[in-house]
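Okay, here's what each chain looks like letter by letter:
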Amino acid sequence: MSNYHKLESKTLQELKDLANKLRIHSITSTNVTKSGHPTSCASMAEIMSVLFFHTMRYKVSAPRDASSDRFILSKGHSAPILYAAWAEAGLFPVEELMNLRKIDSDLEGHPTPRLSFVDVGTGSLGQGLSIACGMAYVGKYIDKASYRVYVLLGDGESAEGSVWEAMNFAGHYKLDNLCVIFDVNRLGQSEPTCLQHNMETYRKRSEAFGFNSLVIDGHDVEEVAKAFHEAASTKDKPTILLAKTLKGKGFPEIEDKEKWHGTVLGAKTDAVIAHVQKQIKNTGAALLKPQKPLKDDAPAVNLAVKLSSPPAYKLGDAIATREAYGTAITKIGKDNPRVIALDGDTKNSTYSEKLKLQNPAQYIECFIAEQNLVGVGIGAGCRGRVIPFVSTFATFFTRAFDQIRMGAISQTNCNFVGSHCGVSIGEDGPSQMALEDIAMFRAVPTATVFYPSDAVSTERAIELAAQTTGICFVRTSRPKTAVIYENNEPFAVGKAKVVKKSAKDQVLLIGAGVTLYEALKAADELAKAGISARVIDPFTIKPLDAQTIVQNAKECGGRIVTVEDHYPEGGLGEAVLSAVAEQRDIIVRKLAVPRVPRSGPSDLLLDMFGISSKHVVKAAQDVLKL
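Analysis parameters
Residues numbered from 1 in each chain as written. Predicted model: local features only at pLDDT ≥ 70, side-chain atom pairs only at ≥ 80, totals over all residues. Heavy atoms only, no water. Helix = DSSP H or I, 4+ residues; strand = E, 2+ residues; numbered from the N terminus. Buried < 20%, exposed > 50% of the residue type's maximum accessible area, 1.4 Å probe, protein only. Contact = heavy atoms within 4.5 Å. Areas by Shrake-Rupley, 256 points an atom, 1.4 Å probe, with all protein chains shown as cover. Lys, Arg positive; Asp, Glu negative; His and termini not counted. Charge placed at Lys NZ, Arg CZ, Asp CG, Glu CD. Domains from an automatic or database assignment. Buried area = accessible area lost by both parts, 1.4 Å probe. Salt bridge = Lys/Arg side-chain N within 4 Å of Asp/Glu carboxyl O. Polar contact = N/O pair within 3.5 Å; in protein donor to acceptor, adjacent residues only side chain to side chain. Pairing = 2+ DSSP bridges. Axes fitted to C-alpha atoms, helices over the stretch in contact; angles between N-to-C directions. Core = buried A, V, L, I, M, F, W, Y, C linked by side-chain atoms within 4.5 Å.

**Brief notes about the overall build of the protein**
Move 1: The helix and strand inventory of the protein stands at 21 helices and 19 strands.
Move 2: Projecting the C-alpha coordinates of the protein onto the three principal axes gives extents of approximately 90 × 50 × 40 Å.
Move 3: Put simply, the protein has 626 residues, and 61% of those count as buried.
Move 4: Expressed as a percentage of contacts within the protein between residues at least 6 apart in sequence, the contacts between residues at least 24 apart total 79%.
Move 5: For the protein, the exposed area adds up to about 23500 Å²; of that, 49% sits on carbon and sulfur atoms.
Move 6: Taken together, the 73 basic and 70 acidic charged side chains of the protein have centroids lying 1 Å from each other.

**Observations regarding the domain arrangement of the protein**
Move 1: Each assigned domain of the protein is listed with its residue range as follows: domain 1 (9-279), domain 2 (318-483) and domain 3 (497-624).
Move 2: Just the C-alpha atoms count here: the centres of domain 1 and domain 2 sit 32 Å apart.
Move 3: Domain 1 puts 32 residues into the contact, and the matching count from domain 2 is 28 residues.
Move 4: Between domain 1 and domain 2 lies a buried interface of about 2300 Å² when both sides are counted; carbon and sulfur atoms form 56% of it.
Move 5: Interface area lost by domain 1 to domain 2 is led by Q127, I142 and E165, which between them contribute 22%.
Move 6: Seen at the junction of domain 1 and domain 2, the total is three salt bridges.
Move 7: Across the pair D119 and R383 runs a salt bridge, and its minimum N-O distance is 2.9 Å.
Move 8: Linking domain 1 to domain 2 there are 12 residue pairs in polar contact (both at pLDDT 80 or more).
Move 9: For the side of domain 1 that touches domain 2, the elements supplying multiple residues, two or more each, are helix 5 (128-142) and helix 6 (161-172).

**What about the side chain of K347?**
Move 1: On the secondary structure map, K347 appears in helix 11 (residues 347-350).
Move 2: Those residues within four positions of K347 in sequence are excluded, and the remaining contacts are S352, E353, K356, Y363 and E365.

**Observations regarding the sheet that holds strand 3 (residues 178-184)**
Move 1: Pairing is parallel in the open sheet, where five strands are placed in the order 1-2-3-5-4. A strand with exactly one partner marks an edge of an open sheet, and here the two such strands are strand 1 (70-73) and strand 4 (212-217). Each strand of the sheet is rotated relative to its neighbour by a mean of 20 degrees, with strand direction disregarded.
Move 2: Where strand 2 (residues 149-154) meets strand 3, six bridges bridge the pair, whose relative direction is parallel. Looking at strand 3, one finds that L152 is bridged to I181.

**Observations concerning helix 18 (residues 546-555)**
Move 1: Taken as a whole, helix 18 has its buried residues at T548, I549, V550, N552 and A553.
Move 2: Of the surrounding elements, those touching the buried residues of helix 18 are strand 14 (497-500), strand 15 (507-511), strand 16 (533-537), strand 18 (559-563) and helix 19 (572-580).
Move 3: Remark: G557 follows helix 18 within two positions and exhibits a positive phi of approximately 80 degrees.

**Some words on the pattern of salt bridges**
Move 1: This model, assessed by the stated rule, comprises 32 salt bridges.
Move 2: The partner of E459 in a salt bridge is K331, and the shortest N-O contact between them spans 2.9 Å. In this pair, E459 is assigned in helix 16 (residues 455-467) and K331 in helix 10 (residues 321-334), connecting sequence segments 128 residues apart. The two residues E459 and K331 agree in class, both being buried.
Move 3: When salt bridges with common partners are traced through the structure, they connect D143, R338 and R385 into a single cluster.

**Focus on the nonpolar core**
Move 1: Formed by 83 residues in total, the largest nonpolar core has its most connected members in L129, L178, F416 and I560.
Move 2: For this core, the element with the highest residue contribution is helix 5, accounting for nine residues.
Move 3: Setting aside residues up to four positions removed in sequence, L129 forms contacts with S74, V151, L153, V163, A166, M167, L178 and V180.
Move 4: Ranked by size, the runner-up nonpolar core spans 52 residues in total, among them L22, L97, L115 and Y150.

Next up, the structure:
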């Protein structure tokens with residue numbers, strides 16, 4: 001192997017000693033808290049020792065330095081050994097490891113970015129590799145920097161389909177700056193894993209996905225170091241280290257035994273620690289320097305964005321909001337190459353292809369693999385290197401809800417754009433209709449939910465999303481809708497628009513997207529019957545402009561009708577109900593899609609499922625009788 005030099009005996013022993021120190025820390029910290037996974041930590045001790053004290057390049061003083069190597073612990077339940085590695089590296093005193101899982105400590109049961117050395121929250125298994133792929137893609141193709149990305153997975157989580165979606169992505173894009181480690185310790189939580197130690201099957205599967213696949217003894221320090229060196233020397237394909245290990249390695253009467261997953265050592269603690277301690281030859285402080293020289297070549301980035309030109313539409317123009325999204329992302333991407341679009345083979349429907357046509361380097365095709373699509377977007381957004389916009393049909397984000405909720409735990413800044421919402425998409429039928437998406441994103445604690453109704457408000461929603469911290473969801477529609485806002489109309493997060501108003505309004509109608517237009521039609525019909533109706537466009541469903549809604553509701557006699565192209569649970573109507581819950585004398589009549597819909601023309605479906613202007617008129621008349 002080119003340029004590989006065998007480890008000196010002194011270095012070899014120090015790495016062995018560090019592995020055993022990490023084992024001991026994992027035992028003692030979990031024993032204090034009486035919970036955790038010391039046996040899962042023990043199987044990866046040599047890997048962590050070599051990685052952190054021989055292979056990785058990073059700054060202890062700045063764990064998230066832009067040019068440093070990245071490490072993702074996908075098997076997040078092994079957090080104690082990750083914490084121990086950073087403590088031994090000198091980031092914080094080893095005594096703090098005894099605060100594991102305590103209420104006032106950030107050394108939580110699974111890693112979260114409350115810690116300066118953690119990029120993403122992990123623990124919901126099968127997600128770390130997608131995130132690492134996003135980091136590696138940015139490193140190779142956008143930053144064009146030297147840093148490498150390492151991700152460690154447990155063999156049990158390799159049963160997750162998202163892992164193989166990510167393997168496909170990594171192989172396709174030849175991410176040679178990515179090194180994947182499978183800790184194949186044979187045992188799952190409740191029984192042995194499906195492949196146990198069938199290393200040849202792991203190798204064949206990995207090679208089929210385009211990986212340089214290395215089967216190694218995960219407890220042989222020399223072999224691990226050599227494999228990491230080969231990974232760094234391999235070009236045009238990612239590398240996977242298939243490390244054959246033993247759960248509870250080095251723990252007498254526990255090693256490779258079932259029923260020790262997630263179990264502290266308890267009464268066996270002293271005997272096990274004494275046994276492991278005997279393996280340590282250097283009892284003093286480690287002589288290895290954890291910090292390797294960095295090549296500071298990650299470029300400085302500026303994530304300030306705005307539309308390169310204001311919206312340019314004529315009032316009454318019919319433009320689908322999904323198409324306006326494509327226009328908007330090209331505008332914010334024109335002056336900032338750090339704006340990127342990711343899609344799952346729906347770019348010609350979501351219109352994310354507009355950015356690809358403008359600059360292919362700002363587009364990542366993730367194919368039909370939505371869990372990986374979302375994970376790659378979250379990974380790409382780590383360390384503030386890019387502003388990712390992840391798009392597909394809104395309904396397909398439900399497949400990746402776990403990745404999205406973990407994105408909130410990860411403090412991620414990632415924008416999701418979901419098109420083809422509701423029954424208004426028409427003939428494609430219910431499998432393509434997003435009718436749960438608002439509820440889903442409203443439930444995510446860091447999310448902002450935009451629901452623009454015309455092209456002007458869509459362009460501004462995309463601009464605002466790019467400037468907003470946290471997760472953003474922008475819901476776009478398939479049908480064309482008329483431009484109702486002037487091009488210079490200002491928009492803000494959490495600020496609704498009153499689009500129709502008079503001094504004698506008797507009822508307040510609230511709609512969004514296509515149903516805003518049904519509300520406007522209903523207002524015109526009600527006017528013919530002598531009933532004056534006010535109409536509000538909420539613009540953002542979360543945060544909802546409660547102040548504007550309450551004020552206008554009171555001016556309209558306390559009568560509200562909401563209408564939405566969504567199921568009743570968790571959507572616009574329930575957001576409005578929450579906003580007025582503590583107000584006296586306000587009545588809300590909620591119109592939504594009441595059951596699983598069917599295929600048909602858009603306008604007929606709106607009527608069949610009770611959200612057309614005809615139904616809004618009837619609901620308004622009914623609330624006026626109460």
